[in-house]
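If you want the building blocks of each chain, they are given just below.
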Amino acid sequence: MYPIARINAYLLLQLMLTLIPLQGVLANDATSLKAVLFYPAFCEECPAVIDDFLFPLTASQGERLELYPVDITEPPGDEIFKQVLQRFGAKPDAWDKPALLTGGLLLRGKAEITDGLPPLLAGDLASELTTWPDLPGLQALISGEESDGTQAPGSASDQIAAALAWAVMAGMLLSLGFSASRLVKQGRSLLDASGLRSWSLPVFALLGLGIGVYLSSVALTHNQAMCGPIGDCMSVQASPYAKLFDIPMSMWGVVFYLGILLLWFSQRVLTGVWGQRSMLGLIVFSLFGVIFSVYLTSLELFVIHAVCIWCLTSAVLATLIMLTVMLKTTGAEPCTTG
């Protein structure tokens, strides 16, 4: 477990221990402000919000403030938080900050929570502030009741998207195994490989580049991606894993597809050692693209618990690029026409 995750786990445990005596007494108390604290497992702001602000505030307010923490990186908290974002039309900028929901008000991040919560407690509490937010699954979570098994809206779509993700994952792993086998058996043919002339490769790369540019524009403008009836692109784009070195993952995809196009063009026009190096670079780059796509798809399936159809399409395109390169350079013609 990462250090920040350990800190958050400790802080939330302390918060729960602080609130347990209050929850049984205040479940129907109309004089207490009821708020839900949504927090991600890896949250840099959470220690300051919980330890430095919420603990002292809870101690000073006593029975006037009742909080309930929900981890948004694990079910059912992730599904509940999706409903919150959709209800408030919140921009999917990131899930890496804590959020406080009370009544009809959503406070996101340290500054909004620390500035917005004390004024609510200072005045007379409106009726909507003294009842738990009406969200499917939240009431049962707070009361400790078991779920009735009813599927949430969109769960069928999520199941279809997950099935597609598993199929794409299997295809990528099989393609990587096939490529490794070709390299082991016919790797020497790389030294004699002629320029890759197939036009299918730049077509795949241009399609992937279009996806990368679109998702990059979504990430930079904090707009909601058009995902269609299957999958949940918003959750994927808003997750803490949507950035690498503080750069949107989609922008790294743009770099990848531009690199593929540059190497493809270079190996066509260059001869001798530079042409050979461009070809080898194309092989390495295409392999890396699929390996990284396997990593990203694994995050969607096992960590984020949401699937982005755009991301799956990009993974398929990266796999087709790798297979086209590998089949040609190891002595077999690609199945597509050039």
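Preceding this paragraph is the structure being described.
Parameters and conventions
- Numbering of residues starts from 1 in each chain and follows the order in which that chain's sequence is written.
- Local features in a predicted model are, by the rule used here, given only for residues with pLDDT of at least 70; side-chain atom pairs are given and counted only at 80 or more, and totals for whole chains, interfaces and linings are based on all residues.
- In computing side-chain properties, one takes all heavy atoms of the structure into account and sets aside hydrogens as well as water.
- To qualify as a helix, a DSSP run of H or I must reach at least 4 residues; to qualify as a strand, a run of E must reach at least 2; elements of each kind are numbered from the N terminus.
- Relative accessibility thresholds used throughout: buried, under 20% of the residue-type maximum; exposed, over 50%; partly exposed, between the two (1.4 Å probe, protein chains only).
- When checking whether two residues touch, look at their non-hydrogen atoms; a contact exists if any pair is within 4.5 Å.
- Surface accessibility follows the Shrake-Rupley procedure with a 1.4 Å probe radius. Residue values consider only the protein chains on display as shielding.
- Two strands qualify as a pair provided DSSP detects at least 2 bridges between them.
- A carboxyl oxygen of Asp or Glu within 4 Å of a side-chain nitrogen of Lys or Arg is what we treat as a salt bridge.
- Ring pairs are drawn from Phe, Tyr and Trp, using the six-membered ring of Trp, whenever the two centres fall within 6.5 Å, and their geometry is named by plane angle: stacked under 30 degrees, edge-to-face over 60, tilted for the rest.
- By definition here, a helix of n residues has an expected span of 1.5 Å times n minus one.
- Patch definition: residues above 30% relative accessible area lacking any salt bridge, with like charges linked at up to 9 Å and the nonpolar side chains Val, Leu, Ile, Met, Phe, Trp and Tyr linked at up to 5 Å.
- All axes here are fitted lines through C-alpha atoms, helices being fitted over the stretch that makes contact, and every angle between N-to-C directions spans 0 to 180 degrees.
- Put simply, angles under 35 degrees are roughly parallel, angles over 145 are roughly antiparallel, angles from 65 to 115 are roughly perpendicular, and the rest are oblique.
- In this scheme the handedness of a crossing depends on how the near helix is turned from the far one: anticlockwise by less than a right angle means left-handed, clockwise means right-handed.
- Residues are grouped as follows: nonpolar covers Ala, Val, Leu, Ile, Met, Phe, Trp, Tyr, Cys and Pro; charged covers Asp, Glu, Lys and Arg; every other residue, Gly included, is treated as polar.

Attention now goes to the overall build of the chain. When helices and strands are tallied, the chain shows eleven helices and six strands. Split into buried and exposed, the 338 residues of the chain put 47% on the buried side. Within the chain, residue pairs in contact and separated by at least 24 positions form 79% of the contacts whose partners lie at least 6 positions apart. About 16,800 Å² of surface is accessible on the chain, with carbon and sulfur atoms providing 64% of the total.

So, about the pairing of strand S3 (residues 99-102). Neither face of S3 is open: one carries Ala-99 and Leu-101, the other Leu-100 and Thr-102, and all of them are buried. As defined by bridge partners, strand S1 (residues 33-39) adjoins S3 across three bridges and the pair is classed as antiparallel. Across the sheet, Phe-38 pairs through a bridge with Ala-99, a residue of S3. Alignment of S3 against strand S4 (residues 105-108), held across four bridges, turns out to be antiparallel. Its bridge partner being in S4, Leu-100 is matched across the sheet by Leu-107.

A word on the pattern of salt bridges. This model, assessed by the stated rule, comprises one salt bridge. Here Glu-66 makes a salt bridge to Lys-34, at a shortest N to O gap of 4.0 Å. Taken together, the residues Glu-66 in strand S2 (residues 65-71) and Lys-34 in strand S1 connect sequence positions 32 residues apart. You'll find Glu-66 and Lys-34 in the same group, each marked buried.

Attention now goes to the packing of aromatic side chains. The tally for this structure, following the rule as stated, stands at eight aromatic pairs. Seen in terms of ring centroids, Phe-256 and Phe-285 are 5.5 Å apart; in terms of plane orientation they differ by 25 degrees. Their pairing is stacked. Of this pair, Phe-256 sits in helix H9 (residues 249-269) while Phe-285 sits in helix H10 (residues 272-304), and the two are 29 residues apart along the sequence. Using a relative accessible area of 9% as the deciding quantity, one classes Phe-256 as buried. For Phe-285, a relative accessible area of 27% translates into the label partly exposed. Their ring planes at 20 degrees and their centres at 5.8 Å tell us that Phe-288 and Phe-292 sit as a pair that is stacked. Within this pair, Phe-288 and its partner Phe-292 are both found in helix H10, separated by four residues, close to a single helical turn. Classification of Phe-288 as partly exposed rests on a relative accessible area of 47%.

Turning our eyes to something else, we now look at H10. The end-to-end C-alpha distance of H10, which contains 33 residues, comes to 46 Å, matching closely the 48 Å that a straight helix rising 1.5 Å per residue would cover. One or two residues past the end of H10 sits His-305, with phi positive at roughly 60 degrees.

Together, Leu-220, Phe-245, Ile-247, Met-251, Trp-252 and Val-255 make up a nonpolar patch on the protein surface, roughly 580 Å² of accessible area in all. Here the element with the most residues in the nonpolar patch is H9; it accounts for three residues. Looking at the secondary structure, you find Met-251 in helix H9.

A few words now on the environment of Phe-265. Checked against the element boundaries, Phe-265 lands in helix H9. As a C-alpha pair, Phe-265 and Arg-197 span 68 residues in sequence and 9.4 Å in three-dimensional space.

Here we come to the packing of H10 against helix H11 (residues 309-329). Between H10 and H11, the least distance of the axes is 9 Å, while the angle of their chain directions is 150 degrees. Compared by their axis directions, H10 and H11 come out roughly antiparallel. Crossing of H10 over H11 shows left-handed handedness. Mapping the contact onto sequence places Met-279, Leu-282, Ile-283, Ser-286, Leu-287, Gly-289, Val-290, Ser-293, Thr-297 and Glu-300 in H10 and Cys-311, Leu-312, Ala-315, Ala-318, Thr-319, Ile-321, Met-322, Val-325, Met-326 and Thr-329 in H11. Of the residues assigned to the contact of H10 with H11, the class counts are 13 nonpolar, six polar and one charged.

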